[in-house]
Every structure is written in structure tokens, then in C-alpha cells.
Amino acid sequence: DNRHTVRKLVGKAMDRKIPIAPVHEQDTAKGGCAFGIILEQTPQELQKRKLYKTLAVPLYPMAEHRRISLRRILKSMGAKPRRRRAGADAST
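Fair warning: this is a prediction, and the values are worked out from it, not measured in the lab.

Enquirer: Even after reading the chapter, I still don't get helix α4 (residues 63-76), so can you show me in this structure?
Expert: Three- or four-residue spacings in an α-helix give side chains the same orientation, since the helix completes a turn every 3.6 residues. With 14 residues, α4 should cover 20 Å at 1.5 Å per step; its first-to-last C-alpha distance of 20 Å lies within 8% of that length. Every buried residue of α4 is accounted for by Arg66, Ser69 and Ile73. Seen along its axis, α4 keeps its buried residues to an arc of 60°; they face one direction. When the buried face of α4 is taken as reference, the exposed residues oriented beyond 90 degrees from it are Arg67, Arg71 and Lys75. Among the structural elements, β1 (23-25) and β2 (57-59) are those in contact with the buried residues of α4. Where α4 terminates, the next one or two residues include glycine 78, which has phi positive at roughly 100°.

In C-alpha cells, the structure reads:
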């Protein structure tokens, strides 16, 4: 962006030691592109600060794969599996 808003926000999050959960959209219909393009567009300042030391979770377009990707993203952000209630349907 022209005002470097994203760079500033990511930099501030890194300054405050807020964990970053990198996600790589795979669906071109939703703006996905090759990761190399993302790296080329990432400011050197953030690359030097090791923005990508945590591997980006690929977010796949197929529903069953996307659900797994979303769970991996949540887990990388510290989410814990929810406990099932006794008698709850295992498919939910």
C-alpha cells in the first residue's frame, strides 16, 4: 500500500512481540499468488527482522483442505481443541 500501513502495523506487532501467524492463500480467485511474489513485495526491513521465520500455513481452496488449513492457523495462534460433550455428534 502507498502509505505503508501494513508494514507499519506488522512492524509494531513485531516490536511488541505479538506472534504473527503467516498464511499463504492458494486460491487465485481470492487473491492467492506464488509465495515468491509475496517475498518480492515484502519490505526488506520486515524480511531482515525474520517475518517469515515461522512457515506460512497454506490456505487451500478445496473445502475439506481449507478446513484443515484453518485449524492449523488457529492452532498456530494458540487455539486449543474444544472438548466434546458426552453424547455429542462426532461429525461436528
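Enquirer: Sorry, what's going on with the pattern of salt bridges here?
Expert: Opposite charge on two side chains permits pairing when their charged atoms draw close. Enumeration over the complete set of coordinates arrives at three salt bridges. With its nearest N and O atoms 3.2 Å apart, the salt bridge here joins glutamate 45 to arginine 7. Taken as a pair, glutamate 45 in helix α3 (residues 44-48) and arginine 7 in helix α1 (residues 5-15) lie far apart in primary sequence, 38 residues in all.

Enquirer: Is there a simple way to explain the packing of aromatic side chains in this structure?
Expert: Following the criterion strictly, the structure yields one aromatic pair and no others. Here phenylalanine 35 and tyrosine 52 contribute two aromatic rings whose centre-to-centre distance is 5.4 Å and whose plane-to-plane angle is 75°, an arrangement assigned as edge-to-face. Here phenylalanine 35, found in helix α2 (residues 35-41), pairs with tyrosine 52, found in the loop between α3 and β2; they are 17 residues apart in sequence, far enough to count as distant. Classification of phenylalanine 35 by relative accessible area gives partly exposed; the value is 25%.

Enquirer: Before we go on, may I ask you to explain unusual backbone geometry in this structure?
Expert: Even without being a glycine, histidine 4 presents a positive backbone phi close to 60°. Its relative accessible area of 41% is what places histidine 4 among the partly exposed residues. Even without being a glycine, lysine 50 presents a positive backbone phi close to 65°. Tracing the backbone through its elements, the reader meets lysine 50 in the loop between α3 and β2.

Reading the values: rules and limits
Residues numbered from 1 in each chain as written. Predicted model: local features only at pLDDT ≥ 70, side-chain atom pairs only at ≥ 80, totals over all residues. Heavy atoms only, no water. Helix = DSSP H or I, 4+ residues; strand = E, 2+ residues; numbered from the N terminus. Expected span 1.5 Å × (residues − 1). Buried < 20%, exposed > 50% of the residue type's maximum accessible area, 1.4 Å probe, protein only. Arc of directions from axis to C-beta. Contact = heavy atoms within 4.5 Å. Salt bridge = Lys/Arg side-chain N within 4 Å of Asp/Glu carboxyl O. Phe/Tyr/Trp six-rings, centres within 6.5 Å; stacked < 30°, edge-to-face > 60°.

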